[in-house]
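# Residue-level structure breakdown
Spelled out, the chains give:
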Amino acid sequence: MNLVEFASVTKRYQLGDVEVVALNGVDFQIQPGDFVAITGPSGSGKTTMLNLIGCLDAPSAGELRVMGKTIEALGEQALDQLRSRTFGMIFQNFNLIPVLTAEENVALPLHLHNLSRQDMRQRATEALRAVDLERFATFRPDQLSGGQRQRVAIARALVTRPQLILADEPTASLDTANALSLVELMKRLNSEQGVTFVFSTHDDRLLRHVSRIVELRDGKLTVTHEQTKRTEHGSPSSQTNRYEVM
Ligand SMILES: Nc1ncnc2c1ncn2[C@@H]1O[C@H](COP(=O)(O)OP(=O)(O)O)[C@@H](O)[C@H]1O
Ligand SMILES: [Mg+2]
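The rules behind each value
Residues numbered from 1 in each chain as written. Chains lettered and ligands numbered in written order. Predicted model: local features only at pLDDT ≥ 70, side-chain atom pairs only at ≥ 80, totals over all residues. Heavy atoms only, no water. pLDDT = per-residue confidence, 0-100. Helix = DSSP H or I, 4+ residues; strand = E, 2+ residues; numbered from the N terminus. Phe/Tyr/Trp six-rings, centres within 6.5 Å; stacked < 30°, edge-to-face > 60°. Buried < 20%, exposed > 50% of the residue type's maximum accessible area, 1.4 Å probe, protein only. Near = heavy atom within 4 Å. Polar contact = N/O pair within 3.5 Å; in protein donor to acceptor, adjacent residues only side chain to side chain. Areas by Shrake-Rupley, 256 points an atom, 1.4 Å probe, with all protein chains shown as cover.

### Some thoughts on the confidence of the model for the protein chain
- This prediction gives the protein chain a mean pLDDT of 88; 91% of its residues lie at or above 70.
- Within the protein chain, no element has a lower average pLDDT than helix 8 (residues 236–240), which sits at 37, and none a higher one than helix 3 (residues 102–107), at 97.

### Comments concerning the packing of aromatic side chains
- Under the definition given, this model contains four aromatic pairs.
- Ring geometry for F35 versus F197: centroids 5.8 Å apart, planes at 70°, classification edge-to-face. With F35 in strand 3 (residues 35–39) and F197 in strand 8 (residues 196–200), this residue pair connects regions lying 162 residues apart in the sequence. By the burial criterion, F35 is buried, and F197 matches it.
- In textbook terms, an aromatic cluster arises when at least three aromatic residues are bridged by ring pairs, as seen for F35, F197 and F199.

### Details of the site of ligand 1
- Taken together, Y13, L15, V20, A22, P41, S42, G43, S44, G45, K46, T47 and T48 make up the full set of residues adjacent to ligand 1.
- Side-chain polar atom of K46 to an oxygen atom of ligand 1: 2.8 Å apart, as the coordinates give it.
- At a separation of 2.8 Å, an oxygen atom of ligand 1 approaches a polar side-chain atom of T47.
- A total of 560 Å² of accessible area belongs to ligand 1 in isolation, and the protein chains cover 65% of it.
- Of all the secondary-structure elements, those providing two or more residues to the shell around ligand 1 are strand 1 (4–15), strand 2 (18–30) and helix 1 (46–53).
- Counting residues per element, the shell around ligand 1 draws most heavily on helix 1, at three residues.

Here it is, written out as structure tokens:
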């Protein structure tokens, strides 16, 4: 089953009297285990597409299905469930809470998940270990480097064991070395733990490390570039085992 399916999805925004067509009839699928980059110049619709995938927004026309369910048919509560159980989000400016430690930041999304304090701590520790930051658990964001902060943001996205992690230009504020090591980390989590990643970037340095690249131009998905190389543990069935299915 596709995790996410766009069928002729169009998204329009009304800006005063002007209508902006941010996405224009997009067809697109994400399968379990994918590692996909959405590229395209500024204003081409990347953020709009990620917001739709993450069910933070709904299409103006066409159909969006997530885990086989048509988004329009879901009520607010079912949508909340879907968002908090299916997706992990990473934002360009990290969005960490300055007064909380790395571990507390990572544990935040778990507050919606009815876990004991001990389970929350254990899950946060596990997620920090996955991004090699276990020994920085008690550090606050201002005590960490930009690259480390972005890894905390990845740990926070991982902690709920989501089906899919969405990252909007996650490397935009990092230097080349940190940007490349962030992509290597995402690739490792993809191949070792089967985490599906969809991220936007207009950073060409990163693209040769990505197995599937789609390109947006003026709201249209113009090029789909599928590299043949798959991850070592590339069978979708082995990659979905770790996750609870809703
Ligand atoms: N909330 C909004 N209201 C009005 N226009 C928007 C809104 N969000 C995005 N747009 C417009 O939609 C187009 C695509 O934007 P966006 O998805 O942010 O592109 P990208 O992330 O590739 O830079 C742009 O023309 C942008 O100005
Ligand atoms: Mg954007």
